[in-house]
Structure formats: C-alpha cells, structure tokens
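Structural characterization, general
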Amino acid sequence: NGLIRATSGALYYNGENIYEDGYNMKALRNQVGLVFQYPEHQLFEETVYKDIAFGPQNFGVNEKDALALADKMVKMVGLPHDVLEKSPFDLSGGQMRRVAIAGVLAMQPEVLVLDEPTAGLDPSGRHEMMQMFEQLHREQGQTIVLVTHQMDDVADYADTVWVMAEGKLIKTGTPREIFADPAWLKANQLGLPKTAQLAQQLAAKGFHFDPQPLTESELADQLVPQIGGGQRG
C-alpha cells in the first residue's frame, strides 16, 4: 500500500502504477489495508473506541460515523461490545490483535494484506484468526493477500499461491499444483501441509489417495470409505 517506495520497477493497483508522479497515495491506503505481523504493536489510543475510529477519521469520516464503524468492526472481529470503553492495553494479547485488525477493517479496504497475522498465536488462536479472515473474504467480498510460512493455511484457505525466494517469484499456481511435487518443495525449503504428510504415511501402509488430500475434509472423504471397506493400517 505504498508505505515504502520501491527503489526500482513498477507496482500496479487496478491498472495504475502507484509510483507515477501525481498518483493519489492517500486514496490507495484507504483501499488497501495492511495488517502487520504483530498488529497489536500499532495500538496507541486511550480507548478501543478511539483506536478503531482513528483511521476513518484520518480519512475524513466524521466522529459519529467513525464511532459507529468502530462498533460494527469490533463485532466483526468477535469481541464483546464492552471492550470499546476499555484501554486496548488492558486486554489480552489475542484481544489486542483483534482490536488492531478492527482498526484496519474500519477503513473498509477493498484489499486486505496480511503479513503473517497468526504469528505468536497458539493453534487454537491461529485457527480462529484464519476463520475470521475467511469469513470476511466470503461475506464482505474482500480480496485478501496472505503472507505466510504456514503451509496448512495455504492448503486450507488460498485460491492462488505465489512462491517467493530471495525477492523473486519462482512459482505460481493453485495449492494443489504447488504441493504436487514434494521434491521441488524440499529443494525450496518448503513442506507439505500436515494433512498431506499424514496421507503419505497412510499410503505407505496400504491406503490409496487420488488426488492427494491437502485438507482435513479431503482426507476424511477418501479415508472413511477405505476404513469402512475393511482396510487396515
């Protein structure tokens, strides 16, 4: 979203190079929301209400409408209404993260860029956070760009995958296309999702999978008939 200017090349959003002279960067940042790896570090206001409302007000939304947005967004990220009057610094780490994300969502961006938003969370917290983003994508129609090293999240949520190495794009495709070549993954310091790893172990014991399951539901769909048919492993 243009926070750091590239030293060379071009970056296009909706067909326009954002580095062209005269490009409206402020409008871009209203359309592309950026959630940092530790978004709770972005909090600074004395109440949750004010923190969430800060962004919209900075872009010209009046105080009444900004506070109404804050009320709506805090519900969207799964927090109780009573946190609005609290200091964000009195909340738990997971709640602080949700508040910070609500502040980005209050800008009502067309695109949401997530830089490893589940970093530091336990498995349950990570699942809840990713489910929240999936719901936003499904119900609000937001385009979501997820930067992650979690292959399970790639398998569970991604439509298209871009693999980067040393600042260069080395492969793109669907999750199934990306995970189809274990040797290539290993050569590029990537792994299979845990579900696919389990399927490989089961295949070594006589089970058959086609195509290779990448998610828990895909594994269950193929595994249950084989177990019901008397297959042992």
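First, a word on scope: everything that follows refers to the structure included in this document. (Residues numbered from 1 in each chain as written. Predicted model: local features only at pLDDT ≥ 70, side-chain atom pairs only at ≥ 80, totals over all residues. Heavy atoms only, no water.)

1. Let's talk about the overall build of the chain
Secondary structure summary: the chain contains 10 helices and 7 strands in total. The dimensions of the chain, computed from C-alpha atoms along their principal axes, are 65 × 45 × 25 Å. Long-range contacts, defined here as pairs at least 24 residues apart, represent 53% of the contacts in the chain between residues at least 6 apart. When the accessible area of the chain is evaluated, it comes to approximately 13,600 Å², of which 50% is carbon and sulfur surface. Looking at the chain, you have 19 positive and 31 negative side-chain charges, and the mean spots of the two groups are 3 Å apart. (Helix = DSSP H or I, 4+ residues; strand = E, 2+ residues; numbered from the N terminus. Contact = heavy atoms within 4.5 Å. Areas by Shrake-Rupley, 256 points an atom, 1.4 Å probe, with all protein chains shown as cover. Lys, Arg positive; Asp, Glu negative; His and termini not counted. Charge placed at Lys NZ, Arg CZ, Asp CG, Glu CD.)

2. Describing the pattern of salt bridges
Throughout the structure, instances matching the rule amount to 8 salt bridges. Linking E40 and R97 is a salt bridge whose minimum nitrogen-to-oxygen distance equals 3.0 Å. Residue E40 is found in the loop between β3 (32–35) and α2 (48–58), and its partner R97 is found in helix α4 (residues 93–105); the two are separated by 57 residues along the sequence. Of the charged contacts, one joins D153 and R126 as a salt bridge, the two residues approaching to 3.6 Å between their closest N and O atoms. Taken as a pair, D153 in helix α6 (residues 151–157) and R126 in helix α5 (residues 123–140) lie far apart in primary sequence, 27 residues in all. Assessed through its relative accessible area of 4%, D153 is described here as buried. (Salt bridge = Lys/Arg side-chain N within 4 Å of Asp/Glu carboxyl O. Buried < 20%, exposed > 50% of the residue type's maximum accessible area, 1.4 Å probe, protein only.)

3. Focus: the pairing of strand β5 (residues 143–147)
Where strand β4 (residues 111–115) meets β5, 5 bridges bridge the pair, whose relative direction is parallel. Residue pairing across strands places L112 opposite I144, the latter belonging to β5. With respect to chirality, the unit in which β4 leads through α5 into the neighbouring parallel β5 is right-handed. (Pairing = 2+ DSSP bridges. Right-handed = clockwise from strand over helix to strand, strands pointing away.)

4. Re the environment of L114
With respect to the helices, strands and loops of the structure, L114 is situated in strand β4. Judged by relative accessible area, L114 falls into the buried class, the value being 0%. With 26 residues separating them along the chain, L114 and P88 place their C-alpha atoms 21 Å apart. When near neighbours in sequence (up to four residues on either side) are disregarded, L114 contacts V35, F133, I144, V145, L146 and V147.

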